[in-house]
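Structural characterization, general
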Amino acid sequence: MTVACTGIGVSCGTGIVIGPAYRLHHGLVRVDATWVEGRDQDAEVQRFRDAVTGAAAELRTIRARIPPNTPSDIVEFIDTHLLMLEDRAIAEGPVELIRAEGCSAVWALQQRRDALVQVFETMEDPYLRTRKDDVDHVVGRIQKLLLPAASTDEETEDLTGRIALAEDLTPADAILLRHRGIAGFVTEFGGPMSHTAILARSLGIPAIVGARGSTSCLKHGEPLILDARHGIVLANFEATALAHFQAAGAAAQVRIGALKRLRREPSVTRDGRQLQLLANIELPDDVVAACENGAEGVGLYRTEFLYMNRLSPPTEEEHFEAYHAVVAGMGNGPVTIRTLDLGADKQVDGGATLPCTNPALGLRAIRLCLKEPQLFRPQLRALLRVSAYGPIRIMLPMLTNIWEVLQARALIEDIMRELTAAGTPFDHTVPIGGMIEVPAAALTAAAFARHLDFLSIGTNDLIQYTLAIDRVDDAVNYLYDPAHPAVLRLIHNVISAGRAANINVGMCGEMAGDPRFIPLLVGMGLHSFSMQPHSLLDAKQVLRAAHAGRLEQQVAALMAGLDSSDAADLMAELPRAE
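Residues numbered from 1 in each chain as written. Predicted model: local features only at pLDDT ≥ 70, side-chain atom pairs only at ≥ 80, totals over all residues. Heavy atoms only, no water.

Right, let's talk about the overall build of the protein chain for a bit. When you go through the protein chain residue by residue, the secondary structure sums to 24 helices and 16 strands. Out of the 578 residues belonging to the protein chain, those deemed buried represent 53%. Look at the contacts in the protein chain between residues 6 or more apart in sequence, and 69% of them connect residues 24 or more apart. (Helix = DSSP H or I, 4+ residues; strand = E, 2+ residues; numbered from the N terminus. Buried < 20%, exposed > 50% of the residue type's maximum accessible area, 1.4 Å probe, protein only. Contact = heavy atoms within 4.5 Å.)

Put into structure tokens, the structure is as follows:
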């Protein structure tokens, strides 16, 4: 009987891998409470410190083996773990427990790990919540040196063509597996924003994360079919299933080749409507993937990574250098840079955190920037200086009230006067726009459109706030519905407000890159779509097959029928308009 496990697919290339399973024995070893005699405590402290030093040496060795063309975010994962090994919570916290309570090194380390993970698990932000994985990865590396019996000799075996099975993977493990020829991997844990998913995309490895139970029902050495497109892995399959997936993989290769030919084709509908396809990026190096997939510019540059894994905010020059690299990489393409979306539980490392009952509704994004202008001004100065080198746009996140726009504009104008007095060149007409991701802003979009040069709909948060659900919460994520009538009405209202004010309205949430919703958005009148670079060619294929005029007529009927019909049923009619 065929065995099937499902999870979250991270598709790269064809997304299909066929090969033998390779069971990795990673993960923390749960240890029992153990103590040492007072006279042995100094030796136990030294043993712990030697393990920390050894773990750091291993990571530096791995870092040195990373190829020069590896994306910088992979290198930063290793650097993050090196910094954690120097952090007092891990490097000195267990030492205090050994001296104060007589704990053994492994038991003291376990207690510090549990306390740190508990802090991360209470965080609202899904990205930061997954940072507890970093704690486990670092603790596991120290633990391996404290408990040599927990180590294995699997780090040198050739894994060409195999599919790795693991509870989870560390960044270092993923890099080493890639160099050893791994064809794909399946993990029990992880989500779309977890390290394993980010690494799979960056390293080009088809993978499935969050496949609970996979390590117990899949056996070492047995043939597997991994379909990362649909998040499924099969074992004990029939010959007909093998033939089906082999054919699907071959067809996907042909399709990829055809899509690549669209790279330089215009983003124009069948009836001549010119649309704009932009890329969402998080690091300057992401510009390479954006250009390779035909991006016409950057619709969302998230700047939060400049603030992570450091004890102080980035300087104005650090901002300037990062933004200048993106602008230079995109040539004449527009670059939309979102000002920092930090706050509540998403703090600069080392900064003071204030208690917050619900961080998603707390002091974050534009609210934090206006309250802490000393944090905001260096970024704004760098943005204005970079505007002299290429077409950038400044985007303000999480707007709720018009006075937030007015205050931000006043601050920008003040900095413009400073730069003018200093003789520093900048674009005096740099566009200032805002993200519409709060229902209040979507409902009053017409007012925002009168005070901004462009609007961008952030559907990820807009859907969550509108439907009062956390899309990464397994208990309620089935309610995350971009086609909910309330969501569609809010999106339509923003697009209509932009049209009435004669300003551009774009979309930079995941919905913009989803082929299921692109015809709907074209029919609503959306002209600018921003998405992950690897979604661009699929989106272009859908856009070029669409007939905008017919879709507009059909979407008008859809919106009129939202109160009496199911939105999903109405949307199913849209492809007929193409």
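Viewed as axis vectors pointing N to C, helix α11 (residues 239-260) and helix α22 (residues 536-545) meet at an angle of 75 degrees, and their least axial separation amounts to 10 Å. As summarised for this structure, α11 and α22 are arranged roughly perpendicular, according to the angle between their axes. Residues Arg255, Leu259 and Lys260 of α11 form the contact with α22, whose participating residues are Leu537, Asp538 and Gln541. Taken together, the residues of the contact of α11 with α22 sort by class into two nonpolar, one polar and three charged. (Axes fitted to C-alpha atoms, helices over the stretch in contact; angles between N-to-C directions. Parallel < 35°, antiparallel > 145°, perpendicular 65-115°, else oblique. Nonpolar A, V, L, I, M, F, W, Y, C, P; charged D, E, K, R; others polar.)

A few words on the pairing of strand β4 (residues 163-166). Both faces of β4 are covered, namely the face carrying Ile163 and Leu165 and the face carrying Ala164 and Ala166. With three bridges connecting them, strand β3 (residues 16-23) and β4 associate as parallel partners. When the sheet's bridge partners are listed, Arg23 is paired in β4 with Leu165. Pairing of β4 with strand β5 (residues 184-187), which is carried by four bridges, proceeds in the parallel orientation. Bridge assignment links Leu165 to a residue of β5, and that residue is Val186. (Pairing = 2+ DSSP bridges.)

Once that is clear, we can look at helix α7 (residues 132-146). Because an α-helix packs 3.6 residues into every turn, residues spaced three or four apart end up facing the same way. The terminal C-alpha atoms of α7, which comprises 15 residues, lie 21 Å apart, in line with the 21 Å expected from a rise of 1.5 Å per residue. Of all the positions in α7, only Asp133, Asp134, Val135, His137, Val138, Val139, Arg141, Ile142, Gln143 and Leu146 are classed as buried. (Expected span 1.5 Å × (residues − 1).)

This part is about the sheet that holds strand β15 (residues 504-507). An order of β9-β10-β11-β12-β13-β14-β15-β16 is seen for the eight strands of this closed barrel, with the pairing classed as parallel. Within this sheet the neighbouring strands show an average axis-to-axis angle of 25 degrees, counted without direction. Of the strands in this sheet, β9 (276-281), β10 (298-302), β11 (335-338) and β12 (392-396) touch helix α13 (residues 316-329), which is tilted by about 160 degrees from β10.

Before going further, it helps to spend a moment on the side chain of Arg302. Mapped onto the fold, Arg302 is located in strand β10. A polar side-chain atom of Arg302 sits 3.4 Å from a polar atom in the side chain of Glu282. Discounting residues that sit within four places of it in the chain, Arg302 has contacts with Asn280, Ile281, Glu282, Arg338 and Gln532. (Polar contact = N/O pair within 3.5 Å; in protein donor to acceptor, adjacent residues only side chain to side chain.)

If you check the backbone angles, Asn236 has positive phi at about 55 degrees while not being a glycine. Relative to the helices and strands, Asn236 resides in the loop between β8 (232-235) and α11. Of note in this structure, Met398 is not a glycine but carries a positive phi near 55 degrees. Structurally, Met398 is set in the loop between β12 and α16 (402-421).

Moving on: the nonpolar core. Soluble, globular proteins show a tendency: their nonpolar side chains are buried together. In terms of nonpolar packing, the biggest core is built from 94 residues, with Tyr323, Leu384, Leu455, Ile491, Leu520, Met524 and Phe529 touching the most fellow members. Ranked by size, the runner-up nonpolar core spans 36 residues in total, among them Ile78, Val106, Leu146 and Ala172. (Core = buried A, V, L, I, M, F, W, Y, C linked by side-chain atoms within 4.5 Å.)

What follows deals with the pairing of β5. Burial along β5 is two-sided: Gly184 and Val186 facing one way and Phe185 and Thr187 facing the other are all buried. Sheet topology note: the β5/strand β6 (residues 207-209) ladder contains two bridges and is parallel. Note on β6: the bridge partner recorded for Val186 is Ile208.

Bringing the pattern of salt bridges into the picture now. Counting across every chain of the model gives 25 salt bridges. A salt bridge links Arg47 to Glu44; the nearest nitrogen and oxygen atoms lie 3.1 Å apart. Pair noted here: Arg47 and Glu44 are both in helix α1 (residues 41-64), with a separation of three residues, about one helical turn. For Arg47, a relative accessible area of 34% puts it in the partly exposed group. Looking at Glu44, the relative accessible area reads 9%, which means it is buried. The partner of Arg381 in a salt bridge is Glu418, with the nearest N and O atoms 3.0 Å apart. You can see Arg381 sitting in helix α15 (residues 373-386) and its partner Glu418 sitting in helix α16, a full 37 residues away along the chain. (Salt bridge = Lys/Arg side-chain N within 4 Å of Asp/Glu carboxyl O.)

Let's shift gears to the packing of aromatic side chains. Under the counting rule described, the total for this entry stands at two aromatic pairs. Pairing Tyr301 with Tyr323 gives two aromatic rings, centres 5.8 Å apart and planes at 90 degrees, and the pair type is edge-to-face. On the criterion of sequence distance, the pair formed by Tyr301 in strand β10 and Tyr323 in helix α13 is long-range, its members being 22 residues apart. Like Tyr301, the residue Tyr323 is buried in the burial classification. (Phe/Tyr/Trp six-rings, centres within 6.5 Å; stacked < 30°, edge-to-face > 60°.)

Remark: α1 packs on helix α4 (residues 93-101), axes separated minimally by 9 Å, with the N-to-C direction vectors making an angle of 165 degrees. What the angle tells us is that α1 and α4 run roughly antiparallel. For the element pair α1 and α4, the recorded crossing hand is right-handed. Contacts between α1 and α4 involve Gln41, Asp42, Glu44, Val45, Phe48 and Arg49 from the former and Pro94, Val95, Ile98 and Arg99 from the latter. Of the residues in the contact of α1 with α4, the class split is five nonpolar, one polar and four charged. (Left-handed = near helix turned anticlockwise from the far one by under 90°.)

Along the chain, the position of Ala115 falls in helix α5 (residues 105-121). Taking the C-alpha atoms as reference, Ala115 lies 9.8 Å from Ala89; in sequence the two are 26 residues apart.

Further remarks concern the sheet that holds strand β7 (residues 223-227). The strand order β1-β8-β7-β3-β4-β5-β6-β2 describes an open sheet built from eight strands, whose pairing is mixed. With one partner strand each, in any of the chains shown, β1 (3-6) and β2 (8-10) form the two edges of the open sheet. Across the sheet, the mean angle separating the axes of adjacent strands is 30 degrees when strand polarity is ignored. Across four bridges, the pairing between β7 and β8 is antiparallel. When the bridges of β8 are listed, Asp227 appears paired with Ile232. Its contacts with the sheet place α11 against β3, β7 and β8, and it is angled at close to 120 degrees to β3.

Residue position: Met416 is located in helix α16. Sequence spacing of Met416 and Leu384 is 32 residues, and the spatial spacing of their C-alpha atoms is 7.6 Å. Filtering out sequence-adjacent residues up to four positions away, Met416 remains in contact with Leu384, Phe426, Asp427, His428 and Val430.

Residues of the protein chain with pLDDT of at least 70 account for 86%, and the chain-wide mean is 87. Note that residues 344-355 has pLDDT below 50 and, in this model, 28 contacts with residues that lie over four places away or in other chains. (pLDDT = per-residue confidence, 0-100.)

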